[in-house]
Number of protein chains: 2
Amino acid sequence: MSETGRQDRPTSRDVARRAGVSQATVSLVLGDRWRGRVSPARAEAVRAAARELAYRPNLAARSLRLGRSRTVLLVVPALTNEFFARVHAGAARVAGEEDVGLVLYHSPEVVLPARDPFASASASLAGVLASSMAAESLAELGGGGLPLVMLDSEPGRGGAVGTVNPDIAAAMRLVVDHLLALGHRAFGHVAAAVDSWTFAVRAGELAGRLAGTPGARLVATERAPLTIEGGMRAAERALAAEPRPTALVCDDDLLAAGAVKAARRMGLRVPEDVSVTGFDDLTLATALEPELTTVRLPAEELGATGMRTLLAALGGETPGGARLPVELVPRGSTARPPRAAGPDGR
Amino acid sequence: MSETGRQDRPTSRDVARRAGVSQATVSLVLGDRWRGRVSPARAEAVRAAARELAYRPNLAARSLRLGRSRTVLLVVPALTNEFFARVHAGAARVAGEEDVGLVLYHSPEVVLPARDPFASASASLAGVLASSMAAESLAELGGGGLPLVMLDSEPGRGGAVGTVNPDIAAAMRLVVDHLLALGHRAFGHVAAAVDSWTFAVRAGELAGRLAGTPGARLVATERAPLTIEGGMRAAERALAAEPRPTALVCDDDLLAAGAVKAARRMGLRVPEDVSVTGFDDLTLATALEPELTTVRLPAEELGATGMRTLLAALGGETPGGARLPVELVPRGSTARPPRAAGPDGR
DNA sequence: CTCCGCACGTGTTACGTATAACTTGGGCCT
DNA sequence: AGGCCCAAGTTATACGTAACACGTGCGGAG
């Protein structure tokens with residue numbers, strides 16, 4: 001490893017020479033804080049020179065000088081999970097708008113990062129944006145005292161300066177109420193085998209909601225890794241319970257896809273014999289047949305709002321937490337239970 | 001925007017003071033080029049001091065000093081497409097191993113980047129890794145003369161220092177031969193409506209292969225945006241052709257998912273009435289029922305090899321191009337055509 | 001005994017930027 | 001007319017690191 005391509009880009013001094021001013025003036029003009037310090041004519045000359053030379057400020061030098069950077073670290077478990085890819089997209093959009101850099105760390109495992117994320121990216125970070133699963137382990141890691149905003153994680157936890165969450169409890173409520181309204185009473189829960197706040201809330205809300213409804217019952221809870229295969233195995237176990245659940249509530253669309261496969265494999269029709277719901281509204285949801293009833297979590301918004309929250313915090317504000325609205329997307333994978341056990345007539 | 005958190009991290013001078021040596025020695029030791037210049041005892045003392053202070057070199061200062069960086073820009077159309085997320089994962093893995101930074105630019109549109117990617121990331125990049133679709137537009141953009149490795153793009157194009165491709169032609173050949181062997185003769189092509197080398201090769205290879213097979217015929221070619229919805233509409237058109245294709249070759253698994261939906265919507269069974277194939281082997285492929293016959297493109301390998309190729313180029317070597325092997329994954333969405341029109345008896 | 005060379009380090013500088021502190025000329029007020 | 005202040009710049013410096021170009025002893029060879 002040597003000779004890493006050196007760029008001979010023009011410096012602010014080159015621009016200064018060309019515009020016939022001092023380097024300091026260039027810095028003032030291009031930094032857009034020249035008002036009242038430089039005449040409009042000269043300012044324009046500087047800008048012209050910069051344009052002609054295709055000048056780009058050297059960010060390394062700027063960071064060094066300022067002792068800070070406009071770069072944010074986003075920590076996610078894995079981008080191959082569409083949900084996190086969308087979180088990233090939202091964060092990246094705002095980062096672009098606000099002209100801050102965004103670097104990414106995705107922990108190879110869903111647990112503790114193998115290597116210190118700050119080691120690789122220690123290019124003087126301004127703050128950290130950490131999403132569920134990743135966030136919890138990161139809180140302990142300390143993060144070098146950087147301002148931290150947690151996404152889809154327990155509010156008021158750790159030293160986070162802010163928290164941004166989709167309204168997970170409401171989301172689960174929407175799902176359960178939808179199924180209850182259809183007449184379902186025997187529920188199965190295909191849960192994510194991940195120790196994370198967001199999934200704990202789902203389990204708690206589901207159990208609570210059913211406990212508050214006479215006649216409703218959580219027949220089975222099966223935990224699974226967040227894959228189709230995992231969802232399939234867990235759903236197979238859940239559907240073997242007695243009495244058999246007429247509705248499978250899945251913590252995730254991937255799990256739901258597996259659940260549908262499991263039902264079919266057991267000779268059950270979806271949604272006639274068993275209803276299946278997911279979480280997230282991934283692309284996957286409309287690929288399935290029937291299309292998956294799910295609840296849309298605003299992933300992009302999560303990333304975008306998280307980034308804005310972090311930037312606000314960096315600006316000195318104390319933003320606290322935000323809760324993002326969610327939306328039920330009823331599709332074909334849910335229907336009235338077999339034997340029309342609906343309470344509300346017909 | 002102000003007061004972006006300043007970190008008061010220890011500097012190499014702090015380490016030097018603590019170890020009782022000069023800053024230069026610290027630089028030598030920690031840079032691991034002290035052999036024969038510093039006694040082992042002192043070197044160890046320096047390392048100990050660095051450890052105790054939790055010293056991390058300031059990357060901004062280092063980049064500034066060196067005039068180069070160990071940061072690579074990866075350009076992809078969108079990470080929400082699992083294929084590119086996997087490319088990124090591969091590139092990120094190697095980047096981690098080789099201790100180079102990786103920044104990401106994903107063009108909001110699949111076409112030309114809205115903003116100059118180098119503007120945001122101009123933190124002195126060492127090189128650029130650009131994947132299909134993004135690569136083509138980038139080649140014209142020039143990239144500031146940075147070493148560029150293109151992924152899944154036309155070899156020997158533009159100023160690229162290297163190219164890494166999955167063997168797209170072989171991939172299409174595998175698909176077509178698989179279908180021909182099953183007895184299919186009437187083909188439909190659900191093509192991506194994206195002007196990119198990788199899709200041009202698919203179309204060319206499909207046409208060529210069929211032209212070389214007596215009795216085989218490409219009945220319909222329909223172009224679609226790379227979404228399930230797009231695939232569905234295109235497949236509907238293709239299946240309306242006369243004679244109706246018994247096999248739909250899709251440029252992508254998303255398109256294939258749409259094709260399956262279209263077939264069902266028209267009252268056709270998959271695979272009994274029509275076979276469907278995809279490309280990429282996304283997670284989606286095993287969620288569908290029947291599971292999708294597809295060809296696995298080594299996305300992670302693509303990113304990883306691309307990164308290695310770029311690093312080799314930066315090291316002064318002239319790596320040229322690499323071709324990555326692909327693999328047919330036969331699953332349930334393909335079968336013998338109806339009316340058992342197979343030529344090979346039975 | 002002198003002198004060379006090696007082993008082991010250190011002083012110093014430059015990278016490109018942002019900004020505090022200073023300079024200068026001219027207009028306005030008294 | 002004299003003083004003063006403001007507009008419009010400039011000069012100088014520091015940020016943290018890497019690496020070049022120098023010391024300094026000390027052992028052995030001549």
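Above: the structure in question.
Residues numbered from 1 in each chain as written. Chains lettered and ligands numbered in written order. Predicted model: local features only at pLDDT ≥ 70, side-chain atom pairs only at ≥ 80, totals over all residues. Heavy atoms only, no water.

**Q** Residues and numbers for helix α10 (residues 228-239) of chain A, please.
**A** Relative to the 16 Å expected for twelve residues at 1.5 Å per residue, α10(A) spans 16 Å between its end C-alpha atoms, a close match to the ideal helical length. Those residues of α10(A) that fall on the buried side of the exposure criterion are A:Ile228, A:Gly230, A:Gly231, A:Met232, A:Ala234, A:Ala235, A:Ala238 and A:Leu239. The inward-facing, buried residues of α10(A) abut β6 (186-192), β7 (217-224), β8 (247-250) and α11 (253-265) of chain A together with α12 (284-287) of chain B. (Helix = DSSP H or I, 4+ residues; strand = E, 2+ residues; numbered from the N terminus. Expected span 1.5 Å × (residues − 1). Buried < 20%, exposed > 50% of the residue type's maximum accessible area, 1.4 Å probe, protein only. Contact = heavy atoms within 4.5 Å.)

**Q** Go over the protein's contact with DNA strand D, please, and point to the residues and values.
**A** Around DNA strand D sit 26 residues, and of these A:Thr25, A:Ser39, B:Ser12, B:Tyr55 and B:Arg65 come closest. The sugar-phosphate portion of DNA strand D accounts for 59% of its atoms within 4 Å of the protein, the bases making up the rest. B:Gln23 is positioned such that a nitrogen or oxygen atom in its side chain is 3.2 Å from a base nitrogen of DNA strand D. The separation between a base nitrogen of DNA strand D and a polar main-chain atom of B:Ala61 is 3.5 Å. (Near = heavy atom within 4 Å. Polar contact = N/O pair within 3.5 Å; in protein donor to acceptor, adjacent residues only side chain to side chain.)

**Q** So, the packing of helix α4 (residues 59-66) of chain A against helix α4 (residues 59-66) of chain B: which residues are in play, and what are the values?
**A** Where α4(A) contacts α4(B), the two axes come as close as 8 Å, and the packing angle between them is 135 degrees. Classified by the angle their axes make, α4(A) and α4(B) are oblique. Relative to α4(B), α4(A) is oriented so that their crossing is left-handed. Each of A:Ala60, A:Ala61, A:Ser63 and A:Leu64 in α4(A) lies in contact with α4(B), whose residues at this interface are B:Ala60, B:Ala61, B:Ser63 and B:Leu64. Partitioned by chemical class, the residues of the contact of α4(A) with α4(B) number six nonpolar, two polar and no charged. (Axes fitted to C-alpha atoms, helices over the stretch in contact; angles between N-to-C directions. Parallel < 35°, antiparallel > 145°, perpendicular 65-115°, else oblique. Left-handed = near helix turned anticlockwise from the far one by under 90°. Nonpolar A, V, L, I, M, F, W, Y, C, P; charged D, E, K, R; others polar.)

**Q** Could you give an account of the side chain of A:Thr334, naming the residues involved and the relevant values?
**A** All names here are of chain A. Positionally, threonine 334 belongs in the segment after β12 (327-329). Its relative accessible area of 10% is what places threonine 334 among the buried residues. Here histidine 178 takes part through its side chain, which lies 2.9 Å from a polar atom of the side chain of threonine 334.

**Q** Go over the packing of helix α8 (residues 168-182) of chain B against helix α9 (residues 197-211) of chain B with me, naming the residues and quoting the values.
**A** Residues and elements named next belong to chain B. Running from amino to carboxyl end, α8 crosses α9 at an angle of 40 degrees, the nearest separation of the two axes being 9 Å. Every pair of crossing elements has a handedness; the one defined by α8 and α9 is right-handed. From α8, Ile168, Ala169, Met172, Arg173, Val176, Asp177 and Leu180 reach across to α9, where they touch Trp197, Thr198, Val201, Arg202, Glu205, Leu206, Arg209 and Leu210. Its residues assigned to classes, the contact of α8 with α9 shows nine nonpolar, one polar and five charged.

**Q** Residue-level account of the protein's contact with DNA strand C, with values.
**A** Taken together, 26 residues lie around DNA strand C, and A:Ser12, A:Tyr55, A:Arg65, B:Thr25 and B:Ser39 are the ones closest in. Counting only the atoms of DNA strand C that lie within 4 Å of the protein, the sugar and phosphate share comes to 59%. Only α1 (12-19), α2 (23-30) and α4 of chain A together with α2 (23-30) and α4 of chain B provide two or more residues apiece to the surface near DNA strand C. For the surface near DNA strand C, the element with the highest residue contribution is α4(A), accounting for four residues. Here the surface near DNA strand C is built from residues that sort into nine nonpolar, nine polar and eight charged.

**Q** A description of the pattern of salt bridges should follow, citing residues and the corresponding values.
**A** Residues and elements named next belong to chain A. A full pass over the atoms with the stated rule returns 39 salt bridges over all chains. Arginine 308 is the salt-bridge partner of glutamate 97, the closest N and O atoms lying 3.9 Å from each other. Of this pair, glutamate 97 sits in helix α5 (residues 82-98) while arginine 308 sits in helix α13 (residues 299-314); the two residues are 211 residues apart in sequence, bridging distant segments of the chain. By relative accessible area, arginine 308 is classed as partly exposed at 38%. (Salt bridge = Lys/Arg side-chain N within 4 Å of Asp/Glu carboxyl O.)

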